Amino acid sequence: LVIDSMASSMLSLGSTSLLPREINKDKLKLGTSGSNPFLKAKCFSRVTMSVAVKPSRFEGITMAPPDPILGVSEAFKADTNELKLNLGVGAYRTEELQPYVLNVVKKAENLMLERGDNKEYLPIEGLAAFNKTTAELLFGAGHPVIKEQKVATIQGLSGTGSLRLAAALIERYFAGAKVLISAPTWGNHKNIFNDAKVPWSEYRYYDPKTIGLDFEGMIADIKEAPEGSFILLHGCAHNPTGIDPTPEQWVKIADVIQEKNHIPFFDVAYQGFASGSLDEDAASVRLFAERGMEFFVAQSYSKNLGLYAERIGAINVVCSSADAATRVKSQLKRIARPMYSNPPVHGARIVANVVGDAAMFNEWKAEMEMMAGRIKTVRQQLYDSLVSKDKSGKDWSFILKQIGMFSFTGLNKAQSDNMTDKWHVYMTKDGRISLAGLSMAKCEYLADAIIDSYHNALLYWETPIEL
Amino acid sequence: MAMMAMTIRNSASRRTMMSRPIFGSRSMSSWWKNVEPAPKDPILGVTEAFLADPSPDKVNVGVGAYRDDNGKPVVLDCVREAERRIAGTSFMEYLPMGGSVKMVEETLKLAYGDNSQFIKDKRIAAVQSLSGTGACRLFADFQKRFCPASQIYIPVPTWSNHHNIWRDAQVPQKTYHYYHPETKGLDFKGLMDDVKNAPEGSFFLLHACAHNPTGVDPTEEQWREISQLFKAKKHFAFFDMAYQGFASGDPARDAKSIRIFLEDGHHIGISQSYAKNMGLYGQRVGCLSVLCEDEKQAVTVKSQLQQLARPMYSNPPLHGAQIVSTILGDPELKSLWLKEVKIMADRIIGMRTTLRDSLEKLGSPLSWEHIGMFCYSGLTPEQVDRLTSEYHIYMTRNGRISMAGVTTGNVGYLANAIHEVTKSS
């Protein structure tokens, strides 16, 4: 190329000022190429032929892959087909497939507006009234761990932020300890532990043969983990499968965790949303609290109070003493300060107001039951449609056995792709559909799509698909 | 359901009765025995102490939150009006990972200029952030990931949380001279020497205006010289702009340093915050932007910034962003905002003058050529401790005074107390 020979002739003329980057490439010993998965090329090392344009430091940066969950909604928006259905992200929709802001939330916001609350910084640990409320909702007001001040509670940036605070604490104080996460689990769990530099491995959870829980596998894997591992558990309404252990199975899980001196780490993103009852959905967490164990619980109000966008949640660390809880709380604050200084106030105030007023609290419970109820009804409708249309004799009852916003359909990637490409049904590639995004009116259409994808998808593709 | 609960409880207690050590060694010791109590945050801890003090004379000149002349927190009228418009909203869905597009667009205009060519050419990678802290942290993490061998040069002194942020992002820190204690001004020579001696292509943290904690800013001429030297050294300039509008009362003027660097062709990064200038402290609204080579690169860099945000908080909070975009998107509200920012800035400038005059009248040797919400009083930690214990005046131990906490009601008391603890030195 002309340009290349020009460059080399310039260099051979010994003119050092024209291509400063080239000269300095050796001086900048970066030594990281190949070891950093994010870099395509070395930082700073690009040689530019046009001297007037300064080469960018960011040349080697590649495009990040679209988020597997949030990317689905983006693809859905871009689809112009009128039959399209978004069963991707887990955000509740009404029967008219509209987003739903709870009435109690609107009431609380109006109240806050009338009161003219100020906008001062919250303390690093968040709104005190919210922290008190959230722990009571989780453990039950008056629970010994609360009365004895053994819980360190910090307001967090919804579930994600709360998980991240705990992950950072683990990295800091439990060097080398591993977190065991279910196979499968919410996609962002891995990102959180990766970015916090906490090693993780998987325990068996989903059994594709039964489209149910691989309980034996789960117990065996928890038993096999090195003593003192962290076990990430979904408190209720497992995401993405919708498959929860039975109460008897929870007892056995608690047994084996205690036996191996593991630390349970609950992700509770659906309290009240799974069964419709706040207390029922907290049963697994309360079982562990009864045992006197030390453990983590991350909470989110995104779904159950519909406060998705306000990023409100909490991290709770149940300790064996009030002194330990105080120390742990101080260290959680120390992690939060260089991340965002202090958490956003709006969502916290809404929660505190709603739960703090008896009438609003009851109204909330009713709205939550309504949302959970709609999902249960839609599950039933989907099941009925599948059973009446599918003549193959396949057992679709797993749909009724699963709980919460999601259903693991058992569809593989090729089948899921068919759902999207042929039927304009948007879902995640692991076969998860969000029932919160399904209306009664669309159940028949969805049933047709599932049946077609399940039975025929592999026939539509010429090359065999890796499962 | 009650039956099931009973079953759970019975099985649990049966196991307790067996000899498995459930309440044995595990509950005597704790997983957390090695966790030390963390030190109190030097800034936010001051307010905690202030709130706990029962004295009626107490004065809080610690944290940088604006107060009116009665010492009360202020919610701007434009903010109240914006809230009225958005209350009881029908929209509470997750924002995209990069936040509110509208808010980010308006925010970039403030920093880069309403008619900025960079905005038109879509060369700026920008995401909504958790106020200034979140923007700095995202940038620090981004710097670590994509320029892993780099360090950050931080001025001495700086907002203490800057050190925490780059430390937790695991980016090694170096310092550069900034404050000159003898003159209580800028150590310009020291600064330029450090910039010159730093390895080519170093990353520098600059305060765009109203330096925190000193209140000492370079002059426009000095900024031009700094920019020229940065060009010669091919350094990367990262601006923390937390006080645009708040320093002089004029947002365009407060962004001058940034505009100089942009004119000179630097590809900079900026952290912006609405905590002070819109009084949205607790809402945590801000923006991180990185000026790139071209649109394609901006899209790429933005995707990576989102990738960092996802495992930290997934997507940023809505409420504060809605307030900002409602205000900035409405010419009347925006105009009201600009008036209110000027009022806040003027009150602070006025208080500065009054405090200086009071101190001069008392014969105090301290000088007060500062700007912005803060000033470095020159008080030693021991003198600060005396102010707190004897006069119930709260400030950070580095002697930083938040002028926002000074009122016509307490300025005399404050001047007197400062004079008392410093006159002998």
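This text follows the structure it describes.
Here the structure is a predicted model, which is why all the values come from computation and not from measurement. (Residues numbered from 1 in each chain as written. Chains lettered and ligands numbered in written order. Predicted model: local features only at pLDDT ≥ 70, side-chain atom pairs only at ≥ 80, totals over all residues. Heavy atoms only, no water.)

Relative to the 46 Å expected for 32 residues at 1.5 Å per residue, helix H15 (residues 358-389) of chain A spans 47 Å between its end C-alpha atoms, a close match to the ideal helical length. The opening residue of H15 of chain A, the one whose side-chain oxygen lies 2.9 Å from the backbone nitrogen of alanine 359 of chain A, is aspartate 357 of chain A. (Helix = DSSP H or I, 4+ residues; strand = E, 2+ residues; numbered from the N terminus. Expected span 1.5 Å × (residues − 1). Polar contact = N/O pair within 3.5 Å; in protein donor to acceptor, adjacent residues only side chain to side chain.)

The next subject is unusual backbone geometry. Note on backbone geometry: most residues besides glycine have negative phi, and most peptide bonds are trans. A cis geometry characterises the amide bond from alanine 183 of chain A onward to proline 184 of chain A, with omega recorded as 5°. Tracing the sequence through the fold places proline 184 of chain A in the loop between strand E3 (179-183) and helix H8 (187-195). Cis geometry marks the peptide bond from asparagine 212 of chain B to proline 213 of chain B; its omega dihedral reads 20°. With respect to the helices, strands and loops of the structure, proline 213 of chain B is situated in the loop between strand E7 (203-207) and helix H10 (220-233). Positive phi, normally seen in glycine, also occurs at lysine 184 of chain B, with a value near 55°. Mapped onto the secondary structure, lysine 184 of chain B falls in the loop between strand E5 (179-180) and strand E6 (185-186).

Below, the discussion takes up the nonpolar core. Residues Phe288, Trp364 and Leu382 of chain A are the most contacted members of the largest nonpolar core, which totals 180 residues. Ranked by residues supplied to this core, first place goes to H15 of chain A with ten residues. By size, the runner-up hydrophobic cluster in this structure holds 57 residues, among which are Met278, Ala321, Met351 and Leu414 of chain B. (Core = buried A, V, L, I, M, F, W, Y, C linked by side-chain atoms within 4.5 Å. Buried < 20%, exposed > 50% of the residue type's maximum accessible area, 1.4 Å probe, protein only.)

Counting residues at the interface gives 99 residues for chain B, matched by 102 residues for chain A. Of the roughly 8,900 Å² buried where chain B meets chain A, counting both sides, 60% is carbon and sulfur surface. Seen at the junction of chain B and chain A, the total is six salt bridges. Two residues, glutamate 120 of chain A and arginine 67 of chain B, come together in a salt bridge whose shortest N-O distance is 2.8 Å. If you list the elements that add at least two residues to the side of chain B that touches chain A, you get helix H1 (2-17), helix H2 (25-28), helix H3 (44-52), helix H4 (77-86), helix H7 (131-146), helix H8 (160-168), helix H13 (295-313) and helix H14 (319-328) of chain B. Per element, the largest residue contribution to the side of chain B that touches chain A is twelve residues, and it comes from H13 of chain B. Split by residue class, the side of chain B that touches chain A holds 48 nonpolar, 28 polar and 23 charged. (Contact = heavy atoms within 4.5 Å. Buried area = accessible area lost by both parts, 1.4 Å probe. Salt bridge = Lys/Arg side-chain N within 4 Å of Asp/Glu carboxyl O. Nonpolar A, V, L, I, M, F, W, Y, C, P; charged D, E, K, R; others polar.)

What follows deals with helix H12 (residues 256-263) of chain B. Three or more residues of H12 of chain B are buried, namely Ser257, Ile258, Ile260, Phe261 and Leu262 of chain B. One or two steps after H12 of chain B, the chain reaches glycine 265 of chain B, where phi turns positive at roughly 90°.

By themselves, these observations are geometric and do not establish any function.
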